[in-house]
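Here is what each chain is made of, one letter per residue.
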Amino acid sequence: MTAFNDESGTGDALRRALGVNRRRFLSTCTAVGAGAIAAPVLGASPALAQDRGRGHDHDHGRGHVLVPPGKRGIILYTVRDATARDPLASDLPSGFREVFKQLARHGYRQVEFAGYGQHANAPGGANLGTVAGAKLLRSWLDDYGLRAQGNHGFIPPSWPLTSADVDTFKLNLEIANILGMDHMGTGGDPTGSSYPADWDVAADKWNALGRIARREGIKLYTHNHDSAYGFLLDGGPLDAQGRPTRSSGIRKLEYFLKATDPKLVWLEMDIFWAHVAQYKFHTYTAHDGSTREKVFDPAGLVARNNKRYPLFHAKDGVVSTTNGMGYDMVPFGTGVIDYTTFFSRVGERNYHNPMVEDDNSPSATDPAQSLREAKISYDNLAALRARRR
C-alpha cells in the first residue's frame, strides 16, 4: 500500500483522526488493494442487535446512546417492495399504512419518503401525492407515533424557473407541511458537472428554491452520491471546449456549500456514498500538473458544517475489491463502516436525523426480506454507544 506511508505521516494522522488502530487500518488498506485508498473508517465491529438500549442515555457502564430513540429513522425506499405490494395477493404488510405499523413495531420513530406512490389496492389508492393523500398519510403516521422527516421528491428541472414548476414545487411544500416535515429534498446531486460555472448556476437555483421553501417553513436539502465529493476542475490548461482540466483540490460539494446561503440550503449526507468517494477520489492533478493526495474525511466535513447537515442516510457496507467502489452495500450494522466513530465525531445527536437505508433490501425471492432487514438495521442503530475514554 503506497497511499499511506510512515515517512509522510499522512496515514497515521488520518488514522488517529478517525479513531482506527494502526493494525486494523493497514490490514484494511491492504485488503482493498495496492494503489487504492481504502476507506479509513473500516473495521468497526458491527453493533450487537440484541443490545437494544431503547430510551436509555447510558447502559451498563457504556457510553451514551449515539442516536436517541426519537431520531431513529428509515427512508421508505428501503422497503419500497412492501409499500408497492398488492394487499389482495399477500398476507405481508402492504401499502403505507401497514408498513408504518410494522416500522413502528420495530422501534422507528421517523420516516423519510421516496415519493408517495403505493399499490393501487392499498388504502387510499396508488397516488397519495395530493393534499387529500397527504392528510391520509399524516393520520396513519400519527396513529403509529411516526414523524415524517423529509422526502426525495420534486425539484424543478427548469432554470430560470417556469411558473408551472414553481406551482408544482409549492404543492410539494404544502404536502410536506401537512405531513409535518421540517425538511424536503431530493435524491440527486445539484449538478453532475465538474466545472465551477455549472455549480455557480446550481447554487443560484438552489438559493432561489430555498427562499421559496423558507417562506413555507421548510428547509430544502440536496442529497449526495459519491460523484459530488469528487474534485472540481477549476484551472490548468483548457480543453478543446475551453474548460479547465486540473484541480485546486476543492471538492464539488464543498464548493456548493460555500456558494449557497446557509439559511436557505441544507444537505443530506449519504454516509455510504461519502465513503465510496473517500475510496475513489483521493488524488487529483493540480494546476501545475503534479499529482497530489487529499483524502476525503466525511465526518470532518460534517463537523465543520454541522448545521448544514440535518439529515443522514445511514447505509453500511463490506469491503469490495472488484466493484470499483470499495464497498458492497449491506444492512446497517452488519458491515465495516465505523458508525460509532462517525456519530461521535459529528456530535449534535439531538439535531441530526439518521435514516437507515439499504438499496438492496427488497428481494425477488424473499418477499419478507426488506422489513426483516429493517428490523436488523433498527436494532443495530439503537445499539450504538459512544466509546468510554
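Just above, that's the structure.
A quick note: this is a predicted structure, and the numbers were derived from the prediction, not measured.

K.L.:
A description of the environment of Ala-303 should follow, citing residues and the corresponding values.
P.N.:
Within the element layout of this structure, Ala-303 appears in helix α10 (residues 298-304). The exposure class assigned to Ala-303 is partly exposed, which follows from its relative accessible area of 41%. Taking the C-alpha atoms as reference points, Ala-303 and Gly-347, 44 residues apart in sequence, are found 7.7 Å from one another.

K.L.:
Go over the nonpolar core with me, naming the residues and quoting the values.
P.N.:
One finds Phe-100, Phe-113, Leu-179, Met-269, Tyr-309 and Phe-343 to be the most contacted residues of the largest nonpolar core, which totals 80 residues. If sequence neighbours within four positions are ignored, Phe-100 has contacts with Leu-76, Val-111, Phe-113, Leu-137, Trp-140, Leu-141, Tyr-144 and Leu-146. Counting residues in hydrophobic clusters, the runner-up holds five residues, among them Tyr-221, Leu-311, Tyr-351 and Met-355.

K.L.:
An account of the sheet that holds strand β5 (residues 219-223) is needed here, citing residue identities and associated values.
P.N.:
Two orientations exist for strands paired in a sheet by backbone hydrogen bonds: parallel and antiparallel. Taking strand neighbours across the sheet as the criterion, the eight strands line up as β3-β2-β1-β14-β11-β8-β5-β4 in an open arrangement whose pairing is parallel. Among the strands making up the open sheet, the edge pair consists of β3 (147-151) and β4 (183-185). Direction aside, the axes of adjacent strands within the sheet are offset by 30° on average. Bridge analysis of strand β1 (residues 73-75) against strand β14 (residues 353-356) gives two bridges, and the strand direction is parallel. Residue pairing for β14: Gly-73 is matched across the bridge by Met-355.

K.L.:
Can you break down helix α5 (residues 131-143) residue by residue, with the values?
P.N.:
In an α-helix, one turn spans 3.6 residues, which is why side chains three or four residues apart end up on the same side. An ideal rise of 1.5 Å per residue puts 18 Å on 13 residues; α5 measures up with 19 Å between its terminal C-alpha atoms. Three or more residues of α5 are buried, namely Gly-133, Ala-134, Leu-137, Trp-140 and Leu-141. Here the buried residues of α5 occupy an arc of 125° about the axis, which is enough to place them on one side. Turned more than 90 degrees away from the buried face of α5 sit Ala-132, Lys-135 and Asp-143, all of them exposed. Packed against the buried residues of α5 are α4 (95-106), β2 (110-113), β3 and α6 (163-179). Remark: Gly-145 follows α5 within two positions and exhibits a positive phi of approximately 70°.

K.L.:
Lay out the packing of α4 against helix α12 (residues 369-382) in plain terms, naming residues and giving numbers.
P.N.:
Across the interface, α4 lies against α12 with an axial gap of 9 Å and an inter-helix angle of 30°. Classed by the angle they form, the pair α4 and α12 counts as roughly parallel. The chirality of how α4 crosses α12 is right-handed. Residue-level inspection shows Gln-102, Leu-103 and His-106 of α4 in contact with α12, the latter providing Leu-371, Ala-374, Lys-375 and Tyr-378.

K.L.:
Tell me what's going on with the pairing of β2, and back it up with residues and numbers.
P.N.:
Here β2 shows two buried faces, one formed by Gln-110 and Glu-112 and the other by Val-111 and Phe-113. Relative to β3, β2 runs parallel, the two being bridged by three bridges. Each residue of the ladder has a partner; that of Gln-110, found in β3, is Arg-147.

K.L.:
Residues and numbers for the packing of aromatic side chains, please.
P.N.:
What describes a pair of aromatic rings is the distance from one ring centre to the other and the angle between the planes of the rings. Per the counting criterion, the structure on display carries 17 aromatic pairs. Measuring from ring centre to ring centre gives 5.7 Å for Phe-96 and Phe-113, while their planes differ by 55°; the resulting arrangement is tilted. Highlighted residues: Phe-96 in helix α4 and Phe-113 in strand β2, separated in sequence by 17 residues. Residue Phe-96 is classed as buried on the basis of its relative accessible area of 2%. Pairing Tyr-339 with Phe-343 gives two aromatic rings, centres 5.6 Å apart and planes at 40°, and the pair type is tilted.

K.L.:
Describe in detail helix α9 (residues 271-280), supporting the description with residues and values.
P.N.:
Along α9, nine of the 10 residues are buried, which leaves the element largely enclosed by surrounding structure. Here α9 has its buried residues at Ile-271, Phe-272, Trp-273, Ala-274, His-275, Val-276, Ala-277, Gln-278 and Tyr-279. With a side-chain oxygen lying 3.2 Å from the backbone nitrogen of Phe-272, the N-terminal cap of α9 falls on Asp-270.

K.L.:
Tell me what's going on with the environment of Ile-74, and back it up with residues and numbers.
P.N.:
Among the structural elements, Ile-74 can be located in strand β1. Separated by 39 residues in sequence, Ile-74 and Phe-113 place their C-alpha atoms 8.8 Å apart. Once residues within four sequence positions are removed from consideration, Ile-74 is found in contact with Leu-103, Tyr-108, Gln-110, Val-111, Glu-112, Met-355, Val-356 and Ala-374.

K.L.:
How would you summarise unusual backbone geometry if you had to cite specific residues and measurements?
P.N.:
Glycine aside, a negative phi is what most residues show, and trans is what most peptide bonds show. Of note, the amide linkage connecting Trp-159 to Pro-160 takes the cis form, showing an omega dihedral of 0°. Among the secondary structure elements, Pro-160 is positioned in the loop between β3 and α6. A positive phi angle, near 50°, is found at Glu-348, a position not held by glycine. With respect to the secondary-structure elements, Glu-348 resides in the loop between α11 (339-346) and β14.

K.L.:
I'd love a proper account of the side chain of His-352, names of residues and values included.
P.N.:
Looking at the secondary structure, you find His-352 in the loop between α11 and β14. A polar atom in the side chain of His-352 sits 2.5 Å from the side chain of Asn-306. Other than its neighbours up to four places away in sequence, His-352 contacts Lys-71, Val-302, Asn-306, Tyr-309, Pro-310, Phe-312, Val-346 and Gly-347.

K.L.:
So what about the environment of Gly-326? Which residues, and what values?
P.N.:
Structurally, Gly-326 can be placed in the loop between β12 (316-319) and β13 (327-330). When its relative accessible area of 2% is taken as the criterion, Gly-326 is described as buried. Considered as a pair, Gly-326 and His-275 are 51 residues apart in the sequence and their alpha carbons are 8.5 Å apart. Gly-326 has contacts with Tyr-279, Val-318, Val-319 and Ser-320, leaving out every residue within four places of it along the chain.

What counts, and where the lines are drawn
- Residues numbered from 1 in each chain as written.
- Predicted model: local features only at pLDDT ≥ 70, side-chain atom pairs only at ≥ 80, totals over all residues.
- Heavy atoms only, no water.
- Helix = DSSP H or I, 4+ residues; strand = E, 2+ residues; numbered from the N terminus.
- Buried < 20%, exposed > 50% of the residue type's maximum accessible area, 1.4 Å probe, protein only.
- Core = buried A, V, L, I, M, F, W, Y, C linked by side-chain atoms within 4.5 Å.
- Contact = heavy atoms within 4.5 Å.
- Pairing = 2+ DSSP bridges.
- Axes fitted to C-alpha atoms, helices over the stretch in contact; angles between N-to-C directions.
- Expected span 1.5 Å × (residues − 1).
- Arc of directions from axis to C-beta.
- Parallel < 35°, antiparallel > 145°, perpendicular 65-115°, else oblique.
- Left-handed = near helix turned anticlockwise from the far one by under 90°.
- Phe/Tyr/Trp six-rings, centres within 6.5 Å; stacked < 30°, edge-to-face > 60°.
- Polar contact = N/O pair within 3.5 Å; in protein donor to acceptor, adjacent residues only side chain to side chain.

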